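Now for the letters of each chain:
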Amino acid sequence: MDSLQETTAMDETLDPPDWADVQALSHRIIDDAVGYLRDVRDRPVWREMPAEVRRFFNAPMPREPAPIADVYGDVARNVMAYPMGNIHPRFWSWYMGCSNFTGALGDFLAAIQGSNLGGGNHAAGLMDSQVVDWCKEMVGFPASASGTLVSGGSMANIIGLTVARNAKAGVDVRERGVGAIPRPLRFYASDQVHSCHRKAMEALGLGNRALQRVSTDSDLRIDVDALRTAIAEDRAAGFKPACIIGTAGTVNTGAIDDLRALAALAAEEDLWFHVDGCIGALIAIAPENRSLVAGIEQAHSIALDPHKWMHAPFEAGCALVRDASAHRNTFAVTPEYLESTPRGLASGQWLHDYGLQTSRGFRALKIWMALREHGVEKFGRLIDQNIAQARHLTGLIKAEPALELTAPTTINIVCFRHRLDGASGERLKAFNTEIMLRLQEQGIATLSDTTVHGRHCLRAAITNHRTRRDDLDLLLRETLRIGKEIAAGNPPV
Ligand SMILES: *Cc1c(COP(=O)(O)O)cnc(C)c1O
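All figures in this text were calculated on a predicted structure; none of them were measured in a lab.

(A) Here's a closer look at the sheet that holds strand β6 (residues 301–304). Pairing within the open sheet is mixed, and its seven strands lie in the order β1-β7-β6-β5-β4-β2-β3. This sheet does not close on itself; its edge strands, each paired only once, are β1 (146–150) and β3 (211–214). Adjacent strand axes in the sheet meet at a mean angle of 20 degrees, parallel and antiparallel pairs treated alike. Looking at chain direction, β6 and strand β7 (residues 317–321) are connected through four bridges and run antiparallel. Of the residues in β7, the one forming a bridge with A303 is A319.

Spelled out as structure tokens, the structure:
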């Protein structure tokens, strides 16, 4: 008996020596977290890290233990105090969501429960499938379709394009590889297509040139006639047209391709129709704007991104495939150590059969909890709200002679620039870039910039459930103030 206890005492664990201690600290962390989000509006959107904070991250690998309270203190001081800023009501850079408290609790509980969503017979697996089912319903996909939660939109697109490649290759690509494809495959997208598709083409072994960029009209939508011509020319030249990628919400301007026309053309030409809906697929749940994405339900596969317009904490993307067996046939492998059993833990679905990961996190919980709390209709209204806010900002810009809109506003992305007495090209770009940087450095707001059809512009992407209209009024006033300040040659404050 004695010797048994001795052995037990020597077995180490990561569990705390005193649970009451971690309980007290956990309460403090939760209190701090609530305050952190409650007061986010009072803090600058972003600030530069001082040298001592940068130095903190050069500390060597820890060898000795430290009290967990000290560890948390380090995180609070050096990490929590210098966020990217996308949880702030005036963050409008690039395109991302701004998280939510319930989702954060979901992430915490997912880690506490600790399940591996590679598959198996347990509640987390059922919830993962349920969230995928809900995503299908949101975009109007049939219940027979399949899907998988992935890290984000880039992975969701890779999943869809991989199924497209295998379905259209004409040979068993899984067994023989892309070298055995008799006629080189061609994929088509607009010249506004997101860069992740290039990475996908490269990773799929098809190469960047296999992705044909088709020109866009003045609304930045794919030119369907030019697409039809490109397909015919490729066929004549011995290529095998395989897939049309439609974009529902381009990253530059939020343009939405004519999805119905693309679906019809894909059917006519016997091509796979994939929709990159990372930005816009969820508009399908927004009552006032859902007609903008009509036709998305006709796709063979869709990529969507709950960590954007549903504000799930990173990471959460979703790939949906209409033909469930084409999806499974692209990825399923059953090694001897992952065989199913008739009962018990291994009798559930093997979710890893629908993607590239084996171990998978419990991403579904953070999405499920926020959806259950608010209901899908509220998420739809928040999407409508952001689109209305973007129209408000667009109106302000149009009414202000010092500013000009540089692309039409379709959804929640506004592209504009500040004029500078007759300046153009590099000088105008430098002026607008300086405005953008001062807005960031003064902690007022964050925008990003881009170049659309050769014109550089500032860009506000309002994917933010905390933004109010007066935040946009403030953006306009501060842009004009900083514009004057720079034009007058004044140094930054
Ligand atoms: C954001 C985005 C992606 C990539 O999604 P991630 O979640 O960042 O990986 C792909 N396509 C479009 C149109 C996007 O806006």
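From this point on, the discussion continues.
(B) The arrangement of the site of the ligand in detail. Neighbouring residues of the ligand: 13 residues in total, closest S154, D276, D305, H307 and K308. Separating a nitrogen atom of the ligand from a side-chain N or O atom of D276 is a distance of 2.7 Å. Relative to its unbound accessible area of 380 Å², the ligand is 85% covered by the protein chains. Examining the composition of the shell around the ligand, we find that three residues originate from one element, helix α7 (residues 153–168), more than from any other. When grouped by side-chain class, the residues that make up the shell around the ligand number three nonpolar, seven polar and three charged.

(C) Broad picture of the pattern of salt bridges. Tallied over the full model, the rule gives 22 salt bridges. Measuring nitrogen to oxygen at the nearest pair gives 3.6 Å for the salt bridge that ties K366 to D107. Residue K366 is located in helix α14 (residues 364–374), and its partner D107 is located in helix α5 (residues 101–113); the two are separated by 259 residues in the primary sequence. Owing to a relative accessible area of 31%, D107 belongs among the partly exposed residues under this scheme. For R419, the salt bridge is made with E404, and the minimal N-O distance between the two is 3.6 Å. In this pair, R419 sits in the loop between β9 (413–418) and α16 (425–441) while E404 sits in strand β8 (residues 403–405), placing the two residues 15 residues apart along the sequence. With a relative accessible area of 42%, R419 lands in the partly exposed category.

Definitions and cut-offs
Residues numbered from 1 in each chain as written. Predicted model: local features only at pLDDT ≥ 70, side-chain atom pairs only at ≥ 80, totals over all residues. Heavy atoms only, no water. Pairing = 2+ DSSP bridges. Helix = DSSP H or I, 4+ residues; strand = E, 2+ residues; numbered from the N terminus. Axes fitted to C-alpha atoms, helices over the stretch in contact; angles between N-to-C directions. Near = heavy atom within 4 Å. Polar contact = N/O pair within 3.5 Å; in protein donor to acceptor, adjacent residues only side chain to side chain. Areas by Shrake-Rupley, 256 points an atom, 1.4 Å probe, with all protein chains shown as cover. Nonpolar A, V, L, I, M, F, W, Y, C, P; charged D, E, K, R; others polar. Salt bridge = Lys/Arg side-chain N within 4 Å of Asp/Glu carboxyl O. Buried < 20%, exposed > 50% of the residue type's maximum accessible area, 1.4 Å probe, protein only.

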